[in-house]
Amino acid sequence: GQSLEQPSEVTAVEGAIVQINCTYQTSGFYGLSWYQQHDGGAPTFLSYNALDGLEETGRFSSFLSRSDSYGYLLLQELQMKDSASYFCAVPHTGGFKTIFGAGTRLFVKA
Amino acid sequence: NAGVTQTPKFQVLKTGQSMTLQCAQDMNHEYMSWYRQDPGMGLRLIHYSVGAGITDQGEVPNGYNVSRSTTEDFPLRLLSAAPSQTSVYFCASSSRGPDTQYFGPGTRLTVL
């Protein structure tokens, strides 16, 4: 079956760096995506890794290790507005379906 | 571009009623999908479509029907609403597939 595991909560201080991990188990691997969701809002696409390594987009970076079935989202120079839930997601079953993790709630403190 | 739009934003139904949640996108995306999100949980795939006339089931399809007569529209129909269908429903679209999806604002549904 398909499953993803990520921590339920992470707390960090404004200006700091935080890493949110995701381990996955899927039948056929197509890549790892990350989404951000603020309370009451819709998920917003952040990044997608199909190959091993680090992808950087501004303050956010995402890493993938296919041999370890593991990835992480790295948020730098944390701001209060980064307080949100972060979901990892993997396509499976021919790449047409997606399973989402339960989400990591990030609290950024002043 | 309006992106992905959903109507209504809020809906209250009684058990046994039927209704259709509307979803439209103006980005000419071939891939569209419906998810439900329950409190404190991730999103679960209900149905998806890879193009007009083509739909398939996701993880939790029971109690829901979809159709895709045009590229733009992907409505979700609740056949006979049950309290277990109380949830937030998100529609999403993508030009590539499920790896890079753009979500609508959601419909908050309560079934009494």
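Residues numbered from 1 in each chain as written. Chains lettered and ligands numbered in written order. Predicted model: local features only at pLDDT ≥ 70, side-chain atom pairs only at ≥ 80, totals over all residues. Heavy atoms only, no water.

Caption draft 1: Focus on the state of the cysteines. Using the criterion set out here, one finds two disulfides over all chains in the structure. Each sulfur of the disulfide joining Cys 22 of chain A and Cys 88 of chain A lies 2.2 Å from the other. What sets the handedness of the Cys 22 of chain A and Cys 88 of chain A disulfide is the S-S torsion sign, and at about 75° it is right-handed. Of the two residues, Cys 22 of chain A is situated in strand 3 (residues 18-25) and Cys 88 of chain A in strand 9 (residues 84-92); the sequence distance between them amounts to 66 residues. Note on Cys 22 of chain A: relative accessible area 0%, which makes it buried. For Cys 88 of chain A, a relative accessible area of 0% translates into the label buried. Covalent S-S linkage joins Cys 23 of chain B and Cys 91 of chain B, the inter-sulfur distance amounting to 1.8 Å. An S-S torsion of about -70° defines the bridge between Cys 23 of chain B and Cys 91 of chain B as left-handed. Taken as a pair, Cys 23 of chain B in strand 3 (residues 19-25) and Cys 91 of chain B in strand 9 (residues 87-94) lie far apart in primary sequence, 68 residues in all. Residue Cys 23 of chain B is classed as buried on the basis of its relative accessible area of 2%. (Disulfide = S-S within 2.5 Å. Helix = DSSP H or I, 4+ residues; strand = E, 2+ residues; numbered from the N terminus. Buried < 20%, exposed > 50% of the residue type's maximum accessible area, 1.4 Å probe, protein only.)

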